[in-house]
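A closer look at the structure
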Amino acid sequence: ALCREYAALTKQLWHSSKEAVAPVSFKNVLSHYAPQFEGYAQHDAQELAIFLLDGLHEDLNRICGKKPYVEDVETGDQSDEEAAAEAWGNHLRR
């Protein structure tokens, strides 16, 4: 649902002849999945971007069935390259 609303909003922004677009439908869906965005108070743009990207990732994920549980990467004594490779591998499994 979030992905479809985001796509509809993007289409409106790019293909509308209107000077302004009111993202009411997108805001309603976003508020449904992320109650912290309910209402019209000011919110952190980074928090919105992180939630939106994660939501789009989950909506578009091609893994069927139960997704594997993946623990966060603990860097510990690993180099940045090793930790990044492990994190990327975990991301691909999800």
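One can find the structure itself at the top, above this paragraph.
Thresholds, definitions, all that
Residues numbered from 1 in each chain as written. Predicted model: local features only at pLDDT ≥ 70, side-chain atom pairs only at ≥ 80, totals over all residues. Heavy atoms only, no water. Helix = DSSP H or I, 4+ residues; strand = E, 2+ residues; numbered from the N terminus. Rg over C-alpha atoms; globule rule 2.2 N^0.38 Å. Buried < 20%, exposed > 50% of the residue type's maximum accessible area, 1.4 Å probe, protein only. Contact = heavy atoms within 4.5 Å. Areas by Shrake-Rupley, 256 points an atom, 1.4 Å probe, with all protein chains shown as cover. Lys, Arg positive; Asp, Glu negative; His and termini not counted. Charge placed at Lys NZ, Arg CZ, Asp CG, Glu CD. Axes fitted to C-alpha atoms, helices over the stretch in contact; angles between N-to-C directions. Parallel < 35°, antiparallel > 145°, perpendicular 65-115°, else oblique. Nonpolar A, V, L, I, M, F, W, Y, C, P; charged D, E, K, R; others polar. Core = buried A, V, L, I, M, F, W, Y, C linked by side-chain atoms within 4.5 Å. Phe/Tyr/Trp six-rings, centres within 6.5 Å; stacked < 30°, edge-to-face > 60°. Lys NZ or Arg CZ within 6 Å of the ring centre and 35° of its normal.

Now for the overall build of the chain. The secondary structure content of the chain amounts to four helices and zero strands. Counting helices and strands in the order they occur from the N terminus, the chain gives α-α-α-α. Here the chain has a C-alpha radius of gyration of 17 Å; the compact-globule value for 94 residues is 12 Å, and the former is much larger. Over its C-alpha atoms, taken along the principal directions, the chain stretches across nearly 55 × 30 × 25 Å. For the chain, the proportion of its 94 residues judged to be buried stands at 18%. Once local pairs closer than 6 in sequence are excluded, the contacts in the chain between residues at least 24 apart make up 45%. Accessible area of the chain: about 7800 Å², with a carbon and sulfur share of 54%. Across the chain, the centroid of the 9 positively charged side chains sits 15 Å from that of the 16 negatively charged ones.

In this section: the packing of helix α1 (residues 2-15) against helix α3 (residues 45-60). Where α1 meets α3, the axes come as close as 8 Å, and the angle between the chain directions of the two elements is 115 degrees. The pairing of α1 with α3 is recorded here as roughly perpendicular in orientation. The segment α1 lies against α3, with Leu2, Cys3 and Tyr6 engaging Phe51, Leu52, Gly55, Leu56, Asp59 and Leu60. In the contact of α1 with α3, the residues fall into seven nonpolar, one polar and one charged.

Further remarks concern the environment of Thr10. Along the chain, the position of Thr10 falls in helix α1. Sequence spacing of Thr10 and Pro23 is 13 residues, and the spatial spacing of their C-alpha atoms is 9.8 Å.

Turning to the nonpolar core, a few remarks are in order. The biggest cluster of nonpolar side chains holds ten residues, and these are Leu2, Cys3, Leu9, Phe26, Val29, Leu30, Ala34, Phe37, Leu52 and Leu56. Elements supplying a minimum of two residues to this core: α1, α2 (24-33) and α3. Leu52 has contacts with Leu2, Tyr6 and Phe26, leaving out every residue within four places of it along the chain.

Moving on, we get to the packing of aromatic side chains. Per the counting criterion, the structure on display carries two aromatic pairs. Both rings, one in Phe37 and one in Phe51, keep their centres 6.3 Å apart while their planes meet at 55 degrees; by these two values the pair is tilted. Of this pair, Phe37 sits in the loop between α2 and α3 while Phe51 sits in helix α3, and the two are 14 residues apart along the sequence. Above the ring of Tyr40, the side-chain terminus of Lys27 is found at 5.1 Å from the ring centroid.

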